[in-house]
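Tertiary structure, described
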Amino acid sequence: MKILVCIKQVPESNKVEVDPVTGVIKRDGAASKMNPYDLYALETAFRIREQLGGSVHVISMGPPQAKEVIREAYAMGADSGTLVSDRAFGGADVLATSYTLSQGIKAAGDFDLILCGKQTTDGDTAQVGSEIAECLHIPSVANVVELREVTDKTITVAMDLPDEVEIARVTLPCLLAVDKDIFMPRLPSYVRKCASANREIRILSLKDMDDQNPDHYGLNGSPTQVQRIFPPDVSHDQETWNEPADILADRLSEKLAELRFI
Amino acid sequence: MAKLVLHPEKIDDPQVLVDLCPFGAMQLVDGHLEINAACKMCRLCVRKGPQGAVEYVEDKPKPSVNKDEWKGILVYVDHVDGNIHPVTWELIGKAREMSQVTHQPVYALFAGSDIEDKAHEVLHYGVDEVFVYDKPELARFEIEPYTGVFEDLIHTIKPSSILIGATTVGRQLAPRVAARMKTGLTADCTILEMEENTDLSQIRPAFGGNIMAHIKTPNNRPQMATVRYKIMNAPERQNTESGKITVCDIDPEKLISHVEVLELVEKPKEDLIENAEVLIAAGRALKKPEDMEMVAHLARLLGGQVACTRPLVEAGLFDATKQIGLSGRTVRPKLIITIGISGAVQFTAGMDHSDTIIAINNDPDAPIFKTANYCLVGDMYDIVPALIDRIEQRKAAHHA
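**A closer look at the overall build of chain A**
- Along its length, chain A carries six helices and 15 strands.
- With the principal axes as the frame, chain A shows a C-alpha extent of 65 × 45 × 40 Å.
- Sorting the 262 residues of chain A into buried and exposed places 56% on the buried side.
- When contacts within chain A are restricted to residue pairs at least 6 apart in sequence, those whose partners lie at least 24 apart make up 70%.

In structure tokens, the structure reads:
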């Protein structure tokens, strides 16, 4: 089984603010860790490899420093990795990102199974996995909470729905987006880290893609445009109570009674 | 293609640009400034950098579709076995409101099996036309046939905008349809506004932080957006039906699926925080098991449930189903009391539509106080036990 896992480097913290006067984004530190949801996708890949044999390849898209998360995946047990990186890919929205990754995946090889995490912690859209599957014309299932059976032709999964869990058998090749907690992710190993220190990371740029039309990538290939960014609205009817705890408790219990919660 | 061009002669100190870029895309390589692949083309360097240092060069305007050919707003009817998810009504309500601007129709897409009579329910909420695809192949949500149905209807009616609930189904279906139509999709919009030229203004929290982004899809149609449950207001159900039902046929080729649903397993009924009228939300400041008991005690007294922020789920103190926020659940209770929560947008985006928000935090500058209606500045270990005591006294007095 040839498995591919899509991973992303995300900022360590979500602390981002806009200066209301200058409109400048203030960001605490640059991208620096693997998207935590991707760890579950990697672990899922390792479990399948342990059961059926095969290989686990990782792919990421981002600046050159995103190689770090591929190294991290090597230390966890990934066999090989590709970084899709080119200035021409900058400013990509969901469609352009998914298209770029799908082109990168085609260039990286033929895979039986593609795994993604639920979402990233910096974009929070949970959309890229399904769009990649569409670009590659393969079936996809998201919200996968359990693997029931894996064979070399099909994979049977449990998909989370609001009130039910749906058990579905999917024909390979396919893409699955796995939920947090499908498996407990393993820690990177120092031994594997040392052993993979010199392992190659393949870099793919626009000239390596099957489709080299720059209009399909980056800002040009993005139907959505960010008009502006702004700090969130400050709220409405507001009272600040800054008093000793006893008085606060009195006032709050009175307010709760007035609002008929007591 | 559009690109950024650096003009080194206008840059006295390259470090200024390196520091300015929030994405770390400005890089000094052997003393020369370069823009790397981290660039998100936000053009902040053009606007805020040294005058003329970075130039945005666009060699040709983007081709645009003929917007006059695309009319109306299409809402996806989210359902399992014909049980329609209430986010559908909220989206129909929003679509109706926006259709006042353009005077264009509101449509609904209802795909499933044996659903024709259920489609009448949609007519109680004020859509102009419900398009029904009633086929045995559509009995269960499977990504390929459902995408096929969407594509078929889009080609038939050419809607200008499409609204889809950000449910477990909608979050898979919307991106698949957007990629097939090669159009834009904005996830989890919190504000939607229609412009007279049918451009849809989509506003959502962005970059996972305290920033809102105003997004448009100016050159493509359809424009697609997902919205979470309990963000928009549902219209009143009318006693009489309005609008009409149109049953659609489809090429069986488009219903071929590589996903076979074997069975549907009922989940054990749990107390969903989405359904609670009162929530007590715990944040990172709570660490000890006694803290959790204190919060749970308050929740019991108020007939509510306990919810939490992301760090507490990551710390293993709560199940993920109790998490409020962009990566968790969206809630809209009558009352929410946040305890020891600083209030990143990631969290507040999931609860800021609550009717009454009471925040307890010892930091007077905590961002949660921008969202709260009642801001209690003080130590939770003093306030919460005292509050529990007062409520118990009131209850005792009431029963006496």
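What follows picks up the thread again.
**Some points on the interface of chain B and chain A**
- On the side of chain A, 95 residues touch chain B, which itself brings 100 residues to the contact.
- Taking both sides of the interface into account, the surface hidden between chain B and chain A amounts to around 8700 Å²; carbon and sulfur atoms contribute 58%.
- The largest share of the area that chain B buries against chain A comes from Arg176(B), Lys267(B) and Tyr374(B), three residues that together contribute 7% of it.
- Notably, a salt bridge pairs Glu134(A) with Arg176(B), separated by 2.8 Å at the nearest N-O pair.
- Applying the counting rule to chain B against chain A returns 27 residue pairs in polar contact (both at pLDDT 80 or more).
- Residue composition of the side of chain B that touches chain A, by class: 52 nonpolar, 22 polar and 26 charged.
- Two elements, strand S14 (residues 225-230) of chain A and strand S14 (residues 211-216) of chain B, share five bridges in a ladder whose sense is antiparallel. When the bridges of S14(B) are listed, Val226(A) appears paired with Ile215(B).

**Some remarks on the sheet that holds strand S10 (residues 154-160) of chain A**
- The sheet built from ten strands is open, its strands ordered S13(A)-S7(A)-S6(A)-S1(A)-S8(A)-S12(A)-S9(A)-S10(A)-S11(A)-S17(B) with mixed pairing. Of all the strands in the sheet, just strand S13 (201-204) of chain A together with strand S17 (259-266) of chain B have a single pairing partner and so form its edges. With direction set aside, neighbouring strand axes in the sheet form an average angle of 30°.
- By the bridge criterion, three bridges tie strand S1 (residues 2-6) of chain A to strand S8 (residues 113-116) of chain A in an arrangement that is parallel. For Val5(A), the partnering residue across the bridge sits in S8(A) and is Leu115(A).
- Packed onto the sheet, helix H1 (residues 36-52) of chain A meets S1, strand S6 (55-61), S8, strand S9 (140-150), S10 and strand S12 (174-178) of chain A and runs at close to 170° relative to S1(A).

**Quick look at the environment of Arg221(B)**
Residues and elements named next belong to chain B.
- Take Arg221: it is sitting in the loop between S14 and strand S15 (223-227).
- For the pair Arg221 and Lys182, spaced 39 residues apart in the sequence, the C-alpha separation amounts to 9.0 Å.
- Side-chain polar atoms of Arg221 contact the side chain of Ser160, separated by 3.3 Å.
- One polar contact links the side chain of Arg221 to the main-chain carbonyl oxygen of Thr217, over a distance of 3.2 Å.

**Details of the pairing of strand S9 (residues 129-134) of chain B**
Residues and elements named next belong to chain B.
- Counting buried residues in S9 gives five out of six residues, a clear majority hidden from the surface.
- Inspection of the sheet shows strand S8 (residues 106-112) paired to S9 by six bridges, in the parallel sense. Of the residues in S9, the one forming a bridge with Phe110 is Val132.
- In this structure, S9 lies alongside strand S16 (residues 244-247), joined through four bridges in parallel fashion. Bridging from a neighbouring strand, Glu129 pairs with Lys244 of S16.

**Here we look at the side chain of Thr44(A)**
All names here are of chain A.
- You can see Thr44 is positioned in helix H1.
- By relative accessible area, which is 0% here, Thr44 ends up buried.
- With residues near it in sequence (within four places) discarded, Thr44 still touches Leu115, Leu147, Val178, Ile182 and Phe183.

**A look at unusual backbone geometry**
- Here the bond from Leu172(A) into Pro173(A) is cis, since omega is 0°, no more than 30 degrees from zero.
- Secondary-structure assignment places Pro173(A) in the loop between strand S11 (164-171) and S12.
- Looking along the chain, the bond that leaves Arg221(B) and enters Pro222(B) is cis, with omega of -5°.
- Positionally, Pro222(B) belongs in the loop between S14 and S15.
- A positive phi angle, near 55°, is found at His103(B), a position not held by glycine.
- Assessed through its relative accessible area of 69%, His103(B) is described here as exposed.
- For Thr198(B), which is not glycine, the phi dihedral falls at a positive 70°.
- Residue placement: Thr198(B) occurs in the loop between strand S12 (191-194) and strand S13 (200-206).
- Among the residues examined, Thr198(B) registers a relative accessible area of 7% and is labelled buried.

**Here we look at the pattern of salt bridges**
- The full count for this structure, using the stated rule, is 34 salt bridges over all chains.
- Two residues, Glu195(B) and Lys216(B), come together in a salt bridge whose shortest N-O distance is 3.2 Å. With Glu195(B) in the loop between S12 and S13 and Lys216(B) in strand S14, the pair connects residues that are 21 residues apart, well separated along the chain.
- Note on Lys216(B): relative accessible area 13%, which makes it buried.
- Three or more residues joined by partner-sharing salt bridges are found here, namely Glu43(A), Arg47(A), Glu50(A) and Arg186(A).

**Let's talk about helix H4 (residues 128-136) of chain A**
- The element H4(A) is largely enclosed, with a buried count of eight among its nine residues.
- Phi for His137(A), located one or two positions after H4(A), is positive at around 55°.

**Digging into the domain arrangement of chain B**
- The domain architecture assigned to chain B consists of domain 1 (3-57), domain 2 (67-255) and domain 3 (273-399).
- Each of domain 1 of chain B and domain 3 of chain B has a C-alpha centre, and the two are 43 Å apart.

**A word on the side chain of Ser140(A)**
- Within the secondary structure layout, Ser140(A) lies in strand S9.
- Side chain to side chain, Ser140(A) and Arg176(B) meet in a polar contact 2.9 Å long.
- For Ser140(A), the residues in contact, after removing those within four places along its chain, are Ala133(A), Leu175(A), Ile143(B), Gln172(B), Arg176(B) and Val259(B).

**Considerations on the environment of Asp211(A)**
Residue and element names in this part refer to chain A.
- Looking at the element boundaries, Asp211 is found in the loop between S13 and S14.
- Setting aside residues up to four positions removed in sequence, Asp211 forms contacts with Tyr99, Gln103, Leu206, His216 and Tyr217.
- Of the polar contacts made by the side chain of Asp211, one reaches the side chain of Tyr99; its length is 2.5 Å.

**Examining the sheet that holds S14(A)**
- Strand order in the open sheet formed by four strands is S14(A)-S14(B)-S13(B)-S12(B), with antiparallel pairing between adjacent strands. This sheet does not close on itself; its edge strands, each paired only once, are S14 of chain A together with S12 of chain B. Direction aside, neighbouring strands of the sheet carry axes that sit 25° apart on average.

Calculation notes
Residues numbered from 1 in each chain as written. Chains lettered and ligands numbered in written order. Predicted model: local features only at pLDDT ≥ 70, side-chain atom pairs only at ≥ 80, totals over all residues. Heavy atoms only, no water. Helix = DSSP H or I, 4+ residues; strand = E, 2+ residues; numbered from the N terminus. Buried < 20%, exposed > 50% of the residue type's maximum accessible area, 1.4 Å probe, protein only. Contact = heavy atoms within 4.5 Å. Buried area = accessible area lost by both parts, 1.4 Å probe. Salt bridge = Lys/Arg side-chain N within 4 Å of Asp/Glu carboxyl O. Polar contact = N/O pair within 3.5 Å; in protein donor to acceptor, adjacent residues only side chain to side chain. Nonpolar A, V, L, I, M, F, W, Y, C, P; charged D, E, K, R; others polar. Pairing = 2+ DSSP bridges. Axes fitted to C-alpha atoms, helices over the stretch in contact; angles between N-to-C directions. Domains from an automatic or database assignment.

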